[in-house]
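Next come the chains, spelled out residue by residue.
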Amino acid sequence: MADAPPITVKMQAWVYFVTWIQYAANHITRKCYTNVKNVMIKLGLSKMVLGRMDAGFMFTYAFGAPLAGQLGDMYDPSMILGVGLYGSAACIFMLIFGMWNHLGESGPFIANTYFLGVYLVFGFFQAIGGPVGTAIMGNWMVTPEARRNRGLIYGTWTTHQYLGNIIAPVIIVLCNISHAKWWWGLMWPVFINAGWGLVCHFALPATPEAHARKEAAEKAALTGTTLNTVPEEPAKRGITIKEALQIPSVAGYCVAFGFMKTINYVLFFWLPLFLQTHFEPDTANMISTLYDFGMMPGGIIVGVVSDAMGGRRGCVIVVFLLILCPLLMIMALFADTLNTFTLMVMLACMGILIGGPNNIVTSAVAADLAEHPSIRGSKSALGTVVGLINGSGSFVAAMGQMAVPLITDALGWSALWYFMLCSTVISCLLMIPKIKQELAGEEAAPPQPKAGGYATISTAEQKA
């Protein structure tokens, strides 16, 4: 058996950077669309159609994430990642095309068929980035140092989505300042997604073996020689959804994460609209980014603290959620009367407390779960586990999204904060079995390393 290819810090940094930007590109696309909804309504697209588009997106994202994870585990992840970005760019361009041709004013049937159909497909393409990008990261972050600092690495890496959420309103504001036509706010994400799709497809090595083979082939082409020392790519054998659900704690995380994601998505989709009841649209969009700014360090803090606590990530997640509860209560009681500075501080703090758990569950926690002995440490499991947790969370969040307009219309905005408070409490209750396991030290031992291979860690290194 040929020696496994070495993993350099330089290549790990490149993989980290490319996958980080690709997921930021996904969120730039979603957030730009959210920020031009008001213009689309003025141009004839009904709120009912937009509401169905949001709900449809959540459901196709939910069902698409596990499928995308399995595709990434079974086929070339870099190609799959590129396809996700190409498809996202194409769908957003089709939305622009529909608005150019006034399809939103062509009657309910055409508007629903065209725009809802496009956004349903868009949901699937967007679902690819999370599980497949995480799987590629998992292929490279297997050195002893990377394993010891898994929480920190994934905590910083998951800031990608908030980078995208912050850049998107900046794009919209700059388009408004330059007096560009409204659709440029969507056209820029088209260019970003299509361009970075090419980078992912052709310049992102999915595994160390793939990178070694590519380098060997280039060297052979230059020297005219044949190299036989390049290790073969391990045969891909992804796990099934049933096998993933049988991993201890996966099913619990799937449901608990759903309620965490419900809180995040309520604020993601509805916070700008709530703020617009008190501020001008551009000001409201910029203030809403404070929530995203808060979410960026949240994952880093949870990651670092959970690393220091020996990987007891469940305990850290619940502590963050418990601290969030009184802040949501304050918003429910006083959101309409808070001064601007206090509101901004509250949103930033809530971002930290929500962002930390959201970021870590679908990255470091999923990476931990994908190494459980029950699946024999299969390297082709991470994408499926991430997709399952993310997809299940999105399904629960989609149900929550359907409840939001009913709650706000019947009971007002304050009731929405109580709704998020209840979701937080439910998430904490669902985490109780995991907390008991971690505090009692009943977590299963990590899988025994196989002889050879770049994922091997010696016993001494494991104890370090």
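Calculation criteria
Residues numbered from 1 in each chain as written. Predicted model: local features only at pLDDT ≥ 70, side-chain atom pairs only at ≥ 80, totals over all residues. Heavy atoms only, no water. Helix = DSSP H or I, 4+ residues; strand = E, 2+ residues; numbered from the N terminus. Buried < 20%, exposed > 50% of the residue type's maximum accessible area, 1.4 Å probe, protein only. Contact = heavy atoms within 4.5 Å. Areas by Shrake-Rupley, 256 points an atom, 1.4 Å probe, with all protein chains shown as cover. Axes fitted to C-alpha atoms, helices over the stretch in contact; angles between N-to-C directions. Parallel < 35°, antiparallel > 145°, perpendicular 65-115°, else oblique. 1 Å grid on protein atoms, 1.4 Å probe; cavity = no way out; pocket = protein on both sides within 12 Å on 5 of 7 lines; lining within 4 Å. Points joined across faces, edges and corners; volume = space filled by probe spheres on them. Nonpolar A, V, L, I, M, F, W, Y, C, P; charged D, E, K, R; others polar. Polar contact = N/O pair within 3.5 Å; in protein donor to acceptor, adjacent residues only side chain to side chain. pLDDT = per-residue confidence, 0-100. Left-handed = near helix turned anticlockwise from the far one by under 90°. Core = buried A, V, L, I, M, F, W, Y, C linked by side-chain atoms within 4.5 Å. Patch = residues over 30% accessible without salt bridge, like charges linked within 9 Å, V, L, I, M, F, W, Y side chains within 5 Å. Salt bridge = Lys/Arg side-chain N within 4 Å of Asp/Glu carboxyl O. Phe/Tyr/Trp six-rings, centres within 6.5 Å; stacked < 30°, edge-to-face > 60°.

S.K.: For this particular structure, what's the right way to read the overall build of the chain?
M.R.: Each helix and strand in the chain was counted, giving 19 helices and zero strands. Looking at the chain as a whole, 53% of its 464 residues qualify as buried. Expressed as a percentage of contacts within the chain between residues at least 6 apart in sequence, the contacts between residues at least 24 apart total 83%. About 19400 Å² of surface is accessible on the chain, with carbon and sulfur atoms providing 70% of the total.

S.K.: Whenever I open this one, the packing of helix α7 (residues 150-157) against helix α13 (residues 281-308) confuses me. Can you help?
M.R.: Two elements in contact, α7 and α13, have axes whose closest approach is 7 Å; the angle formed by their N-to-C orientations is 175 degrees. Judged by the inter-axis angle, α7 sits roughly antiparallel to α13. For the pair α7 and α13, contact is made by R150, G151, L152, G155 and T156 and by G299, I300, G303, V304 and D307, respectively.

S.K.: Looking at this model, I keep getting lost on empty space enclosed by the protein. Mind explaining?
M.R.: Take a probe with the size of a water molecule and roll it over the atoms, and the empty space left behind shows itself. Throughout the structure, instances matching the rule amount to four cavities of 30 Å³ or more. In this structure, the largest cavity spans a volume of roughly 210 Å³. Going through the elements one at a time, α1 (9-35), α5 (108-140), α8 (160-177), α12 (250-275), α15 (340-369) and α16 (382-411) are the ones with two or more residues in the lining of the largest cavity. In the lining of the largest cavity, the residues fall into seven nonpolar, 13 polar and two charged. As a volume, the second largest cavity reaches approximately 50 Å³. Surrounding the second largest cavity, H27, Q161, Y162, N165, N264, Y265, F268, Y291, D292 and M295 form its lining.

S.K.: Would you take a moment to explain the side chain of T19 for this structure?
M.R.: Within the element layout of this structure, T19 appears in helix α1. Here Y16 takes part through its backbone oxygen, which lies 3.2 Å from a polar atom of the side chain of T19. Apart from residues lying up to four places away in sequence, T19 is in contact with L81, G133, I136, M137, W157 and L204.

S.K.: Please clarify how the confidence of the model for the chain should be interpreted in this entry.
M.R.: Interpretation of the predicted coordinates at a detailed level should be avoided for regions scoring low in pLDDT. Residue-level pLDDT values for the chain average 82, and 88% of them are 70 or greater. Within the chain, helix α9 (residues 184-203) carries the highest mean pLDDT (95), whereas helix α19 (residues 459-463) carries the lowest (34). Between residues 444-464, whose pLDDT stays under 50, and residues either more than four places distant or in other chains, the model counts 31 contacts.

S.K.: Would you take a moment to explain the packing of α8 against α13 for this structure?
M.R.: Any two packed helices are characterised by how steeply their axes cross, that is the angle between the axes, and by the distance between the axes. The geometry of α8 relative to α13 is characterised by a closest axis approach of 8 Å and an angle of 160 degrees between their N-to-C directions. With respect to their mutual orientation, α8 and α13 come out roughly antiparallel. Crossing hand, α8 versus α13: left-handed. Only D282, N285, M286, T289, D292, F293, M295 and M296 of α13 make contact with α8, whose side of the interface consists of Y162, L163, N165, I166, P169, V173 and N176. Its residues assigned to classes, the contact of α8 with α13 shows nine nonpolar, four polar and two charged.

S.K.: Would you explain the environment of Q437 in this entry?
M.R.: Along the chain, Q437 falls in helix α18 (residues 432-440). Spatially, the C-alpha atoms of Q437 and G314 are 9.4 Å apart, while their sequence positions differ by 123 residues.

S.K.: Help me understand the layout of surface pockets, please; the structure alone is not making it clear to me.
M.R.: Its volume calculated, the second largest pocket comes out at about 1100 Å³. Along its surface, the second largest pocket is lined by 36 residues, and K37, I41, K47, W270 and L273 are the ones closest to its centre. Listed by contribution, the elements that provide at least two residues to the lining of the second largest pocket are α1, α2 (37-42), α3 (47-74), α8, α12, α13 and α16. Sort the elements by how many residues they give to the lining of the second largest pocket and α3 lands first, with seven residues. Of the residues in the lining of the second largest pocket, the class split is 19 nonpolar, 10 polar and seven charged.

S.K.: Any chance you could explain the nonpolar core here in plain terms?
M.R.: For soluble globular proteins, the rule of thumb is that nonpolar side chains tend to be buried together. If you look at the biggest cluster of nonpolar residues, it comprises 128 residues, and the most contacted ones within it are M53, F115, I317 and W417. The element that contributes the greatest number of residues to this core is α12, accounting for 16 residues. If sequence neighbours within four positions are ignored, M53 has contacts with Y33, L45, L95, F115, L116 and Y119.

S.K.: Explanation requested: a nonpolar patch on the surface in the structure shown.
M.R.: A cluster of nonpolar side chains, contributed by M329, I330, L333, F334 and Y418, occupies part of the molecular surface with about 420 Å² of accessible area. For the nonpolar patch, the leading source of residues is helix α14 (residues 313-334), giving four residues. Within the fold, M329 resides in helix α14. A relative accessible area of 33% places M329 in the partly exposed class.

S.K.: Help me understand the packing of aromatic side chains in this model?
M.R.: Aromatic ring pairs are described here by two measures, namely the spacing of the ring centres and the angle between the planes. Under the defined criterion, the tally for this structure stands at 20 aromatic pairs. Geometrically, the ring pair formed by W188 and F191 is edge-to-face, given 5.8 Å between the ring centres and 85 degrees between the ring planes. Here W188 and its partner F191 are both found in helix α9, three residues apart, which amounts to about one turn of the helix. Residue W188 is classed as partly exposed on the basis of its relative accessible area of 43%. By relative accessible area, which is 42% here, F191 ends up partly exposed. Within the aromatic cluster, the residues linked to one another by ring pairs are F93, W100, W183, W184, W188 and F191.

S.K.: Teacher, can you tell me more about the pattern of salt bridges here?
M.R.: Where charged atoms of side chains with opposite charge meet at close range, the side chains can pair. Overall, the coordinates contain three salt bridges when judged by the stated rule. Between E145 and R148 there is a salt bridge, with the nearest N and O atoms lying 3.0 Å from each other. One end of the pair, E145, and the other, R148, are both in helix α6 (residues 144-148), three residues apart, so they sit about a helical turn from each other. Among the residues examined, E145 registers a relative accessible area of 47% and is labelled partly exposed.

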